[in-house]
Amino acid sequence: MTTAPFDPRVLKSNAPVPGAPDNWKRFFSFNTDAKVIGIQYISVAIFFLLVGGLLAMIMRGELITPENDLVDRTVYNGLYTMHGTIMLFMFIFPILNGLNNLLIPTMIGAPDMAFPRLNAVAFWMVPVFGFILMASFILPGGPANSGWWSYPPVSTQNPLGHLISGESMWLLAVALSGVSSIIGALNFVTTIIRMRAPGMTFFRMPIFIWTVWAAQTLQLIGLPALTGGAIMLLFDLVVGTSFFQPEGGGDPVLYQHFFWFYSHPAVYVIILPVFGIFSELFSAHSRKPLFGYLFVALASFAIVFLGLIVWVHHFFPSGVPEWMRNLFMVTTMLISVPTGVKVFAWLATIWGGKIQLNTPMLFCLGGLFNFVFAGVTGIMLATVPIDIHVNNTYFVVGHFHYVIYGAAVMGIFAAIYHWFSKFTGRMYYEGLGKLHFALTFIGSNLNFFPMHPLGLMGMPRRVSSYDPEFTFWNVVASLGSFLLGVSIIPFLLNMISSWVRGPKAPQNPWQAIGLEWLLPSPPPAENFEENVPTVISGPYGYGTGKPLVENQAAYENQQFQEV
Amino acid sequence: MTSSPSRINFPAVAIVSAWTGVLVVISFWMSRQAYHWLPVQASTAAPLVDGLFSFETALATFVVCWVVSIITWVVLFNRADKYDMSDAEPIEGNTRLEIIWTVIPALIVFGIAFYAVRVNQQLAVLGPMEHIHRGSPVEEVGGYVGDRLPSETVEVIARQWSWEFRYPKANVSSTELHLPVDKPVTFRLVSEDVIHGFYVPAFRLKQDIIPGRAIDFNLTPTREGRYRLRDSMYSGTWFATNQADVVVESSNGFQHWLEQAASQPLQPGLSDAVQEYDQRQQAGAKGWATVRPAPRPQVNVPGSNTLPHEA
């Protein structure tokens, strides 16, 4: 399965990292093992989290005073554009793909992805377009500076007139990112449909697999629209076509349709797998079955369906007709129904459970709170008359940072702590983990809550200076952002030190149920190899006494791996 | 599993009912507070928007408080001992409960949507926004075609980065927007370069200005005062400075201002961007490439954007 030039016995070792000689080199090679690719994705993504976070902290430094006094306005505009772009395309999508790579094959009992080479290609495109994006910082005109939406005509204004501009590099990077994500999505969906262990019917799949399947289906439907829109915009910029240029008969609002037809569903691509993580972890750390498995599983695809027909709510004030405003308002609000089904199911799952307040559980509970808060402000934003007032203000910025950082990133941290032992063979340090949680939860609320009053007062987003009446809440937000910057330090310390010399992890430290917990920590290159288990019951049998697979004791005692 | 309610737990029902009552009171109080988070109400649209926001604040408070209550209860009373890895009672679902928590939110959502659609219709009566004229409107309005437009029309020209307001009937132009109180006004919004947003927070109204179209936009100011007009759609380097003041005054005051303005000669209007651009060029243009700001518009009255504004 692997093309790396190493002794296959090293790659099959039960404890490949660290210890085995030169084993770390796999992480810098074109390796086709999904577990190696998963860790590659996550490491690159965390690097870009630091870059994007640094940009955000410079922005918050500028916004701690009303005047424009820290960086030039052109620099501020470049910073916020690159912050959004890096966080979405270089951090959150790659880190989710990292989790997909680690978890899909191990959770469904597959030896690897359906197309291991394509999988490695999809990953190696990430550093390539990451490099293109970062290189645009040293261009004479600076990087792209028209926001991560890149709306024309402001994005096609090219003051220096160079063919290679920040904007053209940005469009190239986004198009490559789209291709990479499409390749990844094909791989994930095929693997889930075709490579499940015997006995794992669709309705015995873990919810995480359901949500990834739903999310990657959205990628396949939506991404061609964004990629097409990006290519048309690139043509407008460098060839002089006028798809979106009014003076040539084009329509700038058409681009907004292309962009949001994908970029709204992109939010569900991000949050659906996090719903999956919540479902797994609330069940495991409450020692109770997931409440209402069938409803929770099907709600994922209800969200996919509705998520595809809400995109116009991003530009209600752009002159869309009344009937369209009303239609998209209703579809947007309806998403709260399947989402509510999930939230109620998690609450019912933890209710009466035997809760262990360890780091992953704390991150899940904090993420759930933030998600519910983001949900109620989301209903407000869906309501057209309120949206007309707060659209393009800090209220929107606050709302989506609660979704993306408050809920999604906290869920991803929960997943990293929960499955860390499985893929590194080491335990993380609980104290550092709890410190990381406390700083993240306080920092993110301090950072993102003040954006709501600012938006209600009428402070537009993307401004490099503001009127003095907005000062108080901006100072609070800036302090919160610096705390959030600090919060990443215990995380990095924890990950590095426990991977290097943390205590050896047992096979199943949480006593959790799932195929991945029947594998050794870390699993061998081809997971179950010839001994793929036969699944005989649903995924969350906590307290029921039902075994998950045939001959479960043999897997728990690792009889097969001693060969 | 236990879908047959064999007996009703009266103390639990009492506690839940009492707590629901407490949360209803808190939610009602928050819905009153919500008005204070918003700027002053200065248009006929503002009370409608604020009423809807207040209503949704109450619902939001109720939902968030219930979720927080449940999480708090679970964290306080459902904790396992540190080394207790035993399982809890396996409750896998309750179909009746799941149907209830699907149907009730759906009904609430349709209720909110019904209310919001009604407000939409009222707003549409107050200020219809569907009159979009295609073509090359900038040239059209450039020629003071005042006789073609209704009497209360103000032409708004958005540029990178300044606002220009023209009163065709009085043949007056300004970089400060003056409006008579309690009189409907029609704006004709055009942009010469990129998309801008016409946003006055005190009016609770916002309309994107799309290059290549002229968009008619109606509103009625209801309160005298000085408010901010802000560009709400990112428009490039000096986007943040693209603000103007809106002065709502009595009918007489407005007529007086128009007459005064008509007697003034054309002079350079306000543009913070031009000023900053000139300073930046003198300082050696540190930073990245930028589009050059449009020249200051030639207007009768520059007005001011440094006086204290109410919202």
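Residues numbered from 1 in each chain as written. Chains lettered and ligands numbered in written order. Predicted model: local features only at pLDDT ≥ 70, side-chain atom pairs only at ≥ 80, totals over all residues.

**Student:** Would you mind going over the overall build of chain A with me for this structure?
**Tutor:** Counting secondary structure elements, chain A contains 17 helices and 0 strands. By its C-alpha atoms, chain A is 70 × 50 × 40 Å across when sized along the principal axes. Of the contacts made within chain A by residues no fewer than 6 positions apart, 82% connect residues no fewer than 24 positions apart. (Helix = DSSP H or I, 4+ residues; strand = E, 2+ residues; numbered from the N terminus. Contact = placed C-beta atoms within 7 Å.)

**Student:** What is the right way to look at the overall build of chain B in this model?
**Tutor:** Tallying secondary structure elements over chain B gives 6 helices and 13 strands in all. Taking all 311 residues of chain B together, the buried fraction comes to 42%. When contacts within chain B are restricted to residue pairs at least 6 apart in sequence, those whose partners lie at least 24 apart make up 77%. (Buried ≥ 20, exposed ≤ 12 C-beta atoms within 10 Å, placed from the backbone.)

**Student:** Which parts of the structure should I look at to understand the environment of His178(B)?
**Tutor:** Residue and element names in this part refer to chain B. With respect to the helices, strands and loops of the structure, His 178 is situated in strand β5 (residues 177–180). Given 21 C-beta atoms within 10 Å, His 178 falls into the buried group. Separated by 70 residues in sequence, His 178 and Val 248 have C-alpha atoms that sit 5.9 Å apart. Excluding its chain neighbours within four sequence positions, the residues that come into contact with His 178 are Val 247, Glu 249, Phe 254 and Trp 257.

**Student:** Can you walk me through the domain arrangement of chain B in this structure?
**Tutor:** Accessible area lost on assembly of the parts is the figure often given for the size of an interface. Residue and element names in this part refer to chain B. Domain assignment breaks chain B into domain 1 (12–74 + 96–126) and domain 2 (134–299). The interface is formed by 10 residues belonging to domain 1 together with 13 residues belonging to domain 2. With 3 residues, the top contributor of residues to the side of domain 1 that touches domain 2 is helix α2 (residues 45–77). Taken together, the residues that form the side of domain 1 that touches domain 2 break down as 7 nonpolar, 3 polar and no charged. (Domains from an automatic or database assignment. Nonpolar A, V, L, I, M, F, W, Y, C, P; charged D, E, K, R; others polar.)

**Student:** Please clarify how the interface of chain A and chain B should be interpreted in this entry.
**Tutor:** Taken residue by residue, the interface counts 82 residues in chain A and 81 residues in chain B. Elements with a contribution of two residues or more to the side of chain A that touches chain B: α3 (73–108), α7 (252–286), α8 (293–307), α9 (322–334), α10 (336–350), α11 (359–382), α12 (384–390) and α15 (451–457) of chain A. The residue makeup of the side of chain A that touches chain B, split by class, is 45 nonpolar, 28 polar and 9 charged.

**Student:** Even after reading the chapter, I still don't get the pairing of strand β7 (residues 196–200) of chain B, so can you show me in this structure?
**Tutor:** Walk down a regular strand and you will see the side chains alternate between the two sheet faces. Residue and element names in this part refer to chain B. Taken across its 5 residues, β7 has 5 buried, putting it largely inside the fold. Neither face of β7 is exposed, since His 196, Phe 198 and Val 200 on one face and Gly 197 and Tyr 199 on the opposite face are all buried. Between β7 and strand β8 (residues 205–209), which follow one another and run antiparallel, lie 4 residues, and Arg 204 among them has a positive phi close to 60°. (Pairing = 2+ DSSP bridges.)

**Student:** Would you mind showing me how to read the sheet that holds β8(B) here?
**Tutor:** Strand pairing in a sheet relies on backbone hydrogen bonds. The paired strands run either parallel or antiparallel. Residue and element names in this part refer to chain B. Taking strand neighbours across the sheet as the criterion, the 5 strands line up as β5-β11-β10-β7-β8 in an open arrangement whose pairing is mixed. Of all the strands in the sheet, the pair left with one neighbour each is β5 and β8. The sheet shows a mean angle of 25° between the axes of neighbouring strands, direction not considered. In the sheet, β7 pairs with β8 via 5 bridges, with the strands oriented antiparallel. (Axes fitted to C-alpha atoms, helices over the stretch in contact; angles between N-to-C directions.)

**Student:** Whenever I open this one, helix α6 (residues 207–238) of chain A confuses me. Can you help?
**Tutor:** Since the α-helix turns once every 3.6 residues, residues separated by three or four places project in the same direction. All names here are of chain A. Under the 1.5 Å per step criterion, the end-to-end length of α6 is 45 Å for 32 residues, consistent within 8% with the ideal 46 Å. When the local axis directions of α6 are compared, the greatest deviation, roughly 40°, occurs at Gly 222, which is followed within four positions by the proline Pro 224. A positive backbone phi angle near 90° is found at Gly 240, which sits one or two residues after α6. (Expected span 1.5 Å × (residues − 1). Bend = angle between axes of the 7 residues up to and from the residue.)

**Student:** Would you explain unusual backbone geometry in this entry?
**Tutor:** With glycine set apart, most residues show a phi of negative sign, and most peptide bonds adopt trans. Between Ser521(A) and the following residue, Pro522(A), the backbone shows a cis peptide bond with an omega angle of -10°. The phi torsion at Asn551(A) lies on the positive side, around 60°, for a residue other than glycine. Tracing the sequence through the fold places Asn551(A) in the loop between α16 (471–501) and α17 (552–556). With 14 C-beta atoms packed within 10 Å, Asn551(A) lands in the partly exposed category. Backbone geometry at Asn171(B) places phi at a positive 55°, although glycine is not the residue there. Along the chain, Asn171(B) falls in the loop between β3 (162–167) and β4 (172–174).

**Student:** Is there a simple way to explain α3(A) in this structure?
**Tutor:** All names here are of chain A. Here α3 spans 50 Å end to end across 36 residues, near enough to the 52 Å set by a 1.5 Å rise per residue. Where α3 bends most, the angle comes to about 30°, and this point is Met 87. With 34 of 36 residues buried, α3 is to be regarded as a mostly interior element. Just beyond α3, the residue with positive phi is Gly 109, at close to 80°.

**Student:** Any chance you could explain the nonpolar core here in plain terms?
**Tutor:** Counting residues in each nonpolar core, the largest one holds 255 residues, and the members touching the most others are Ile209(A) and Ala408(A). Broken down by element, this core gets its largest block of residues, 21 residues, from helix α13 (residues 394–424) of chain A. Split by domain, this core shows at least three residues from each of two domains, domain 1 (12–74 + 96–126) and domain 2 (134–299) of chain B. (Core = buried A, V, L, I, M, F, W, Y, C linked by C-beta atoms within 7 Å.)

**Student:** Can you walk me through the packing of helix α1 (residues 10–33) of chain B against α2(B) in this structure?
**Tutor:** Each pair of packed helices can be described by the angle between their axes along with the distance between the axes. Residue and element names in this part refer to chain B. Between α1 and α2, the shortest axis-to-axis distance is 8 Å and the interhelical angle comes to 140°. Between α1 and α2 lies a crossing of right-handed hand. Each of Trp 19, Leu 23, Val 24, Ile 26, Ser 27, Phe 28, Met 30 and Ser 31 in α1 lies in contact with α2, whose residues at this interface are Ser 54, Phe 55, Thr 57, Ala 58, Thr 61, Phe 62, Cys 65, Trp 66 and Ser 69. Of the residues assigned to the contact of α1 with α2, the class counts are 11 nonpolar, 6 polar and no charged. (Left-handed = near helix turned anticlockwise from the far one by under 90°.)

**Student:** What should I look at first to understand the packing of helix α2 (residues 34–62) of chain A against α3(A) in this one?
**Tutor:** All names here are of chain A. Running from amino to carboxyl end, α2 crosses α3 at an angle of 155°, the nearest separation of the two axes being 7 Å. Our classification of the angle between α2 and α3 gives roughly antiparallel. With respect to the hand of their crossing, α2 and α3 are arranged in left-handed fashion. Counted by class, the contact of α2 with α3 contains 25 nonpolar, 6 polar and 2 charged residues. (Parallel < 35°, antiparallel > 145°, perpendicular 65-115°, else oblique.)

**Student:** I keep staring at the confidence of the model for chain B and nothing clicks. Help me out?
**Tutor:** For any part of a model where pLDDT is low, the fine detail of the predicted coordinates should not be relied upon. Scored by pLDDT, chain B has a mean of 88; 89% of the residues are at 70 or more. Low pLDDT, under 50, characterises residues 133–151 of chain B; the stretch is placed with 22 contacts to residues that sit more than four places away or in other chains. (pLDDT = per-residue confidence, 0-100.)

**Student:** Looking at this structure, I do not really get the confidence of the model for chain A. What am I missing?
**Tutor:** Chain-level statistics for chain A give a pLDDT mean of 92 and a share of 95% at 70 or above. The model gives residues 13–21 of chain A a pLDDT under 50, and that stretch makes 18 contacts with residues more than four places away or in other chains.

**Student:** I tried to follow the environment of Ser43(B) on my own but got confused; where do I start?
**Tutor:** Residues and elements named next belong to chain B. By the secondary structure assignment, Ser 43 is in the loop between α1 and α2. Taking the C-beta count within 10 Å as the criterion, Ser 43 has 23 such neighbours and is therefore assigned buried. As a C-alpha pair, Ser 43 and Glu 192 span 149 residues in sequence and 28 Å in three-dimensional space. The residues contacting Ser 43, other than those within four sequence positions of it, are Phe 203, Arg 204, Leu 205, Leu 219, Thr 220, Pro 221 and Thr 222.

**Student:** Where do I start with the environment of Ser251(B) in this structure?
**Tutor:** All names here are of chain B. With respect to the helices, strands and loops of the structure, Ser 251 is situated in helix α5 (residues 251–262). Spatially, the C-alpha atom of Ser 251 lies 44 Å from that of Gln 281, the residues being 30 residues apart in sequence. Excluding its chain neighbours within four sequence positions, the residues that come into contact with Ser 251 are Pro 180 and Lys 183.

**Student:** Even after reading the chapter, I still don't get the pairing of β3(B), so can you show me in this structure?
**Tutor:** All names here are of chain B. Of all 6 residues in β3, 6 are buried; the element is thus mostly enclosed. Side chains Ser 162, Glu 164 and Arg 166 of β3 all project onto a buried face; the interleaved residues Trp 163, Phe 165 and Tyr 167 project onto the opposite face, where all are buried too. Bridge count for strand β2 (residues 153–159) against β3 is 5 bridges, and the pairing is antiparallel. When the bridges of β3 are listed, Glu 155 appears paired with Arg 166. The hairpin turn running from β2 into β3, its antiparallel successor, is 2 residues long. Taken together, the 3 bridges between β3 and β4 define a ladder with antiparallel strand orientation. Residue pairing across strands places Phe 165 opposite Ser 174, the latter belonging to β4. What sits between the antiparallel neighbours β3 and β4 is a turn of 4 residues, in which Asn 171 has the positive phi angle 55°.

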